[in-house]
Amino acid sequence: DTAVSQTPKYLVTQMGNDKSIKCEQNLGHDTMYWYKQDSKKFLKIMFSYNNKELIINETVPNRFSPKSPDKAHLNLHINSLELGDSAVYFCASRPDNQETQYFGPGTRLLVL
Amino acid sequence: GQNIDQPTEMTATEGAIVQINCTYQTSGFNGLFWYQQHAGEAPTFLSYNVLDGLEEKGRFSSFLSRSKGYSYLLLKELQMKDSASYLCAVRDASGGSYIPTFGRGTSLIVHP
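So, here is what we can say about the structure in this document.

Calculation criteria
- Residues numbered from 1 in each chain as written.
- Chains lettered and ligands numbered in written order.
- Predicted model: local features only at pLDDT ≥ 70, side-chain atom pairs only at ≥ 80, totals over all residues.
- Heavy atoms only, no water.
- Helix = DSSP H or I, 4+ residues; strand = E, 2+ residues; numbered from the N terminus.
- Rg over C-alpha atoms; globule rule 2.2 N^0.38 Å.
- Buried < 20%, exposed > 50% of the residue type's maximum accessible area, 1.4 Å probe, protein only.
- Contact = heavy atoms within 4.5 Å.
- Disulfide = S-S within 2.5 Å.
- Pairing = 2+ DSSP bridges.
- Axes fitted to C-alpha atoms, helices over the stretch in contact; angles between N-to-C directions.
- Buried area = accessible area lost by both parts, 1.4 Å probe.
- Salt bridge = Lys/Arg side-chain N within 4 Å of Asp/Glu carboxyl O.
- Polar contact = N/O pair within 3.5 Å; in protein donor to acceptor, adjacent residues only side chain to side chain.
- Nonpolar A, V, L, I, M, F, W, Y, C, P; charged D, E, K, R; others polar.

## Quick word on the overall build of chain A
Along the backbone of chain A there are zero helices and eleven strands. Seen in sequence order, chain A has helices and strands lined up from the N terminus as β-β-β-β-β-β-β-β-β-β-β. Taken over C-alpha atoms, the radius of gyration comes to 13 Å for chain A, in line with the 13 Å a tight globule of 112 residues would show. Looking at the 112 residues of chain A, the share that counts as buried comes to 46%. Intrachain contacts of chain A at a sequence separation of at least 6 include 56% that bridge at least 24 residues.

## Observations concerning the state of the cysteines
Simply put, disulfide is the name for a covalent bond between the sulfur atoms of two cysteines. Per the counting criterion, the structure on display carries two disulfides over all chains. Here A:Cys23 engages in a disulfide with A:Cys91; their sulfurs sit 1.9 Å apart. Classification of the bridge connecting A:Cys23 and A:Cys91 rests on its S-S torsion, roughly -75°, and on that basis the disulfide is left-handed. In this pair, A:Cys23 sits in strand 3 (residues 19-25) while A:Cys91 sits in strand 9 (residues 87-94), placing the two residues 68 residues apart along the sequence. Accessibility assignment for this pair places A:Cys23 and A:Cys91 in one class, buried. In this model, B:Cys22 is linked to B:Cys88 through a disulfide, with the two sulfur atoms separated by 2.0 Å. Around the S-S axis, the bridge from B:Cys22 to B:Cys88 shows a dihedral of about -70° and counts as left-handed. Of this pair, B:Cys22 sits in strand 3 (residues 18-25) while B:Cys88 is found in strand 9 (residues 84-92), placing the two residues 66 residues apart along the sequence. Like B:Cys88, B:Cys22 is buried.

## Re the sheet that holds strand 7 (residues 60-65) of chain B
All names here are of chain B. Pairing in this open sheet of five strands is antiparallel, and the strands run 1-3-8-7-6 from one edge to the other. Among the strands making up the open sheet, the edge pair consists of strand 1 (3-5) and strand 6 (53-57). Across the sheet, the mean angle from the axis of one strand to that of its neighbour is 15°, orientation sign disregarded. When strand 3 meets strand 8 (residues 70-75), the two strands line up antiparallel, connected through six bridges. By the bridge assignment for strand 8, Thr-23 is matched with Tyr-70.

## A word on the interface of chain B and chain A
Every contact between the two is made by 17 residues of chain B and, on the other side, 16 residues of chain A. Together chain B and chain A conceal approximately 1,500 Å² of surface at their shared face, both sides included; 61% is due to carbon and sulfur atoms. On the chain B side of the interface with chain A, the three residues burying the most area are B:Ile99, B:Phe102 and B:Arg104, jointly 34% of the side's total. For the pair chain B and chain A, the number of links is one salt bridge. Between A:Glu99 and B:Arg91 there is a salt bridge, with the nearest N and O atoms lying 2.7 Å from each other. At the boundary of chain B and chain A, one finds three residue pairs in polar contact (both at pLDDT 80 or more). Elements supplying a minimum of two residues to the side of chain B that touches chain A: strand 4 (29-37), strand 5 (44-49), strand 9 and strand 10 (99-102) of chain B. Class assignment of the residues belonging to the side of chain B that touches chain A gives a composition of ten nonpolar, four polar and three charged.

Have a look at this one:
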């Protein structure tokens, strides 16, 4: 299937741990994003990335770091997890010639 | 940054028409988006407006007035499956980042 996929779908971990969430898109899109949606359903962009440039939202703590091994992947690494990091994290992608963003299914992170 | 305001919750009857409003304040407007998000699922793209006027797409239409900082999403012939959260997002081009900012979403409940 052509889609944006994320792994894992659920992630439960202890405070202080380091974890990664993977995102892959086989749509051939040029731009990828990471979003955080908190318990109040407020969706906030964290990063925007294409082959040329990484755009960081300045409100994102530097414990969060995106890593893009190639155009089809944008992984999210989180160091020293905190309780407030509990949320749903969505990856999305967009082709350069369209405004439509295609979202992955989300990763539900719970930090205990 | 942007201030985006939309109602928290709306209810409507199956078969009726509902209008969801969104007001915003931004210094470098570069487009307004509407997304639909069903509970527990990823957002899906509905519409994009960058010029004033009405964009119609099937049962859904989106309107933009840049001078008033105002948009609405119009849903006609409501169906039960339209019960979802509707997210308004504004993209700001100031600073060259072109990052969208989302409102808190309007939870629409459609009842028989």
